[in-house]
Amino acid sequence: MQKIPVGQTIVQAYRFLFTEIGTILGICWFPALLSSLAGYFTAVYAAVHRPDFDAGDPRIEAAYTLLSVLGLAITIFAGSVMAVALTRHVLGRRSSGVVAYFAVGPVEWRMFLASVRYIAGSMVLIVVAAIIAGFAFSLAGVPLDPAGVVRANAPDIIAGLFSWVVFIAALIVIVRMGFFIAPTVVAEDHGGLLRSFELTRGNVLRALAVIVILGIPVLLLLVGGEAVVLSSALGPGLYKLSPAEFLQRAELARDQKLVPWQVFSGLIFVLGSALIYGGAAVAYRARIGNDEPRFP
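Residues numbered from 1 in each chain as written. Predicted model: local features only at pLDDT ≥ 70, side-chain atom pairs only at ≥ 80, totals over all residues. Heavy atoms only, no water.

### Describing the overall build of the protein chain
So, step 1. Along the backbone of the protein chain there are 11 helices and 0 strands.
So, step 2. Buried residues in the protein chain amount to 41% of all 296 residues.
So, step 3. Once local pairs closer than 6 in sequence are excluded, the contacts in the protein chain between residues at least 24 apart make up 78%.
So, step 4. For the protein chain, the accessible surface area stands at approximately 15,900 Å², while carbon and sulfur atoms represent 71% of it. (Helix = DSSP H or I, 4+ residues; strand = E, 2+ residues; numbered from the N terminus. Buried < 20%, exposed > 50% of the residue type's maximum accessible area, 1.4 Å probe, protein only. Contact = heavy atoms within 4.5 Å. Areas by Shrake-Rupley, 256 points an atom, 1.4 Å probe, with all protein chains shown as cover.)

The structure is reproduced here in structure tokens:
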């Protein structure tokens, strides 16, 4: 198999975004709308029942938890629908002229389940890495309290280096499991996390470079949009607030700007999906060489 061509993958991913923007919007607007509506109603419920949260009402908290899980599931499934359609388009089954799209078939469900397993697996890896790092620091006698004094002696340095190694190992596994999920699910009968892990062997840094370069503009847009929302709602005294006061007022600011924020988030969802899934599909075609993709 060939190596992932980082430069070519990035260029073609951006080319896909800009030259196929009409098709991308046609494929993605309805799934993105469902995701935004799920987030909107969850946020509205939280805003309406904020006094009940402050009072610690268990029924309201349980209902909010259930609503949040349902909203997350809707978002993951909407992303899975977008991932399948965008990947198919890049791999050769073109979807030009699409006005509205939402497919619920075996491939979309496989993508949804693979995404759930990936999220769960990534969380488990991070938790395990944190537990191992904490155990290493406890053996070295390093206080886990952030206010504690950290000594620059050999055990402390070894524990710190070991913790870095553990978290880097977890990151490598997370990248390997996730990078090729969409193209392998779409193009292969037994694609998913394990197949993605196999295809990224010897290509971790290349895959990570593609993710970072394609993801940074999306992240900057998201952070910039949130900064605009907060600054317009909180005024010039934004940076003088204490952390606790900032978080409290930030929640209120987002509630006041909820509709434009959900619209903006939906747009970022679409652009980010087009870049990431388009890049993964391009890299997949390069990785498998001359093999023709097989669509289930």
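### Some details on the confidence of the model for the protein chain
So, step 1. For the protein chain, per-residue confidence averages 84 on the pLDDT scale, and 83% of positions sit at 70 or higher.
So, step 2. Here residues 290-296 is a poorly scored stretch, pLDDT under 50, and it has 21 contacts once near neighbours within four places are set aside; other chains count. (pLDDT = per-residue confidence, 0-100.)

### Some remarks on the packing of helix α2 (residues 21-48) against helix α11 (residues 258-287)
So, step 1. Packing of α2 against α11 leaves a shortest axis separation of 8 Å and a crossing angle of 140 degrees. Relative to α11, the element α2 lies oblique. Taken as a pair, α2 and α11 cross one another with a handedness that is right-handed. Residue-level contacts link Ile21, Ile24, Leu25, Cys28, Ala32, Ser35, Ser36, Gly39, Tyr40, Ala43 and Val44 of α2 to Leu258, Val259, Gln262, Gly266, Phe269, Val270, Leu271 and Ala274 of α11.
So, step 2. Partitioning the contact of α2 with α11 into residue classes produces 14 nonpolar, 5 polar and no charged. (Axes fitted to C-alpha atoms, helices over the stretch in contact; angles between N-to-C directions. Parallel < 35°, antiparallel > 145°, perpendicular 65-115°, else oblique. Left-handed = near helix turned anticlockwise from the far one by under 90°. Nonpolar A, V, L, I, M, F, W, Y, C, P; charged D, E, K, R; others polar.)

### Some remarks on the environment of Ser163
So, step 1. Note on placement: Ser163 falls in helix α6 (residues 154-178).
So, step 2. For Ser163, a relative accessible area of 6% gives the class buried.
So, step 3. Separated by 28 residues in sequence, Ser163 and Phe135 place their C-alpha atoms 9.5 Å apart.
So, step 4. The contact partners of Ser163, leaving out residues within four places of it in the chain, are Ala133 and Phe137.

### As for a nonpolar patch on the surface
So, step 1. On the surface, a cluster of nonpolar side chains totalling about 380 Å² of accessible area is made up of Trp29, Leu33, Leu37 and Phe41.
So, step 2. Here Leu33 is to be found in helix α2. (Patch = residues over 30% accessible without salt bridge, like charges linked within 9 Å, V, L, I, M, F, W, Y side chains within 5 Å. Salt bridge = Lys/Arg side-chain N within 4 Å of Asp/Glu carboxyl O.)

### Things to note about the environment of Leu66
So, step 1. For Leu66, the location among the structural elements is in helix α4 (residues 58-91).
So, step 2. The exposed category is assigned to Leu66, whose relative accessible area is 63%.
So, step 3. Counting along the chain gives 24 residues from Leu66 to Thr42, while the straight-line C-alpha distance between them is 9.8 Å.

### Some remarks on the environment of Ile60
So, step 1. Take Ile60: it is sitting in helix α4.
So, step 2. In this structure Ile60 comes out as buried when scored by relative accessible area, which is 13%.
So, step 3. With 14 residues separating them in the primary sequence, Ile60 and Ala46 have C-alpha atoms 9.1 Å apart.
So, step 4. Ignoring anything within four residues of it in the chain, the contact list for Ile60 reads Tyr45, His49, Asp52 and Phe53.

### Some details on the packing of aromatic side chains
So, step 1. Per the stated rule, a full pass over the model turns up 11 aromatic pairs.
So, step 2. On the numbers, 5.7 Å between centres and 80 degrees between planes, the contact of Trp29 with Phe30 is edge-to-face.
So, step 3. The class of Trp29 is partly exposed, set by a relative accessible area of 40%.
So, step 4. A ring pair is formed by Phe77 and Trp109, whose centres lie 4.7 Å apart and whose planes are at 50 degrees; its orientation type is tilted. (Phe/Tyr/Trp six-rings, centres within 6.5 Å; stacked < 30°, edge-to-face > 60°.)

### Let's talk about α11
So, step 1. Compared with an ideal rise of 1.5 Å per residue, which puts 30 residues at 44 Å, α11 spans 42 Å between its outermost C-alpha atoms and is within 8% of the ideal.
So, step 2. Just beyond α11, the residue with positive phi is Gly289, at close to 70 degrees. (Expected span 1.5 Å × (residues − 1).)

### Things to note about the packing of helix α1 (residues 6-19) against α11
So, step 1. α11 packs onto α1 with a crossing angle of 135 degrees between their chain directions and a minimal axis gap of 8 Å. In terms of their interaxial angle, α1 and α11 are classed as oblique. Between α1 and α11 lies a crossing of right-handed hand. The residues of α11 that touch α1, namely those facing Gln8, Thr9, Gln12, Ala13, Tyr14, Phe16 and Leu17, are Leu271, Ala274, Leu275, Gly278, Gly279, Val282 and Ala283.

### What about the nonpolar core?
Across soluble globular proteins, nonpolar side chains have a tendency to be buried as a group.
So, step 1. Ranked by internal contacts, the top residues of the largest apolar core, which has 44 residues, are Ile24 and Leu86.
So, step 2. Among the elements that make up this core, the one with the highest residue count is α11 (9 residues).
So, step 3. When sequence neighbours within four positions are dropped, the list of residues in contact with Ile24 reads Phe16, Leu17, Leu86, Val270 and Ala274. (Core = buried A, V, L, I, M, F, W, Y, C linked by side-chain atoms within 4.5 Å.)

### Considering the pattern of salt bridges
So, step 1. Counted under the stated rule, the structure contains 3 salt bridges.
So, step 2. Arg195 is the partner of Glu188 in a salt bridge, and the nearest nitrogen-oxygen pair spans 2.8 Å. There is no split in this pair, since Glu188 and Arg195 are both buried.
So, step 3. Notably, a salt bridge pairs Glu198 with Arg195, separated by 3.5 Å at the nearest N-O pair. One end of the pair, Glu198, and the other, Arg195, are both in helix α8 (residues 193-199), 3 residues apart, so they sit about a helical turn from each other.
So, step 4. The class for Glu198 is partly exposed, based on a relative accessible area of 38%.
So, step 5. A cluster of three or more residues bridged by salt bridges with shared partners is formed by Glu188, Arg195 and Glu198.

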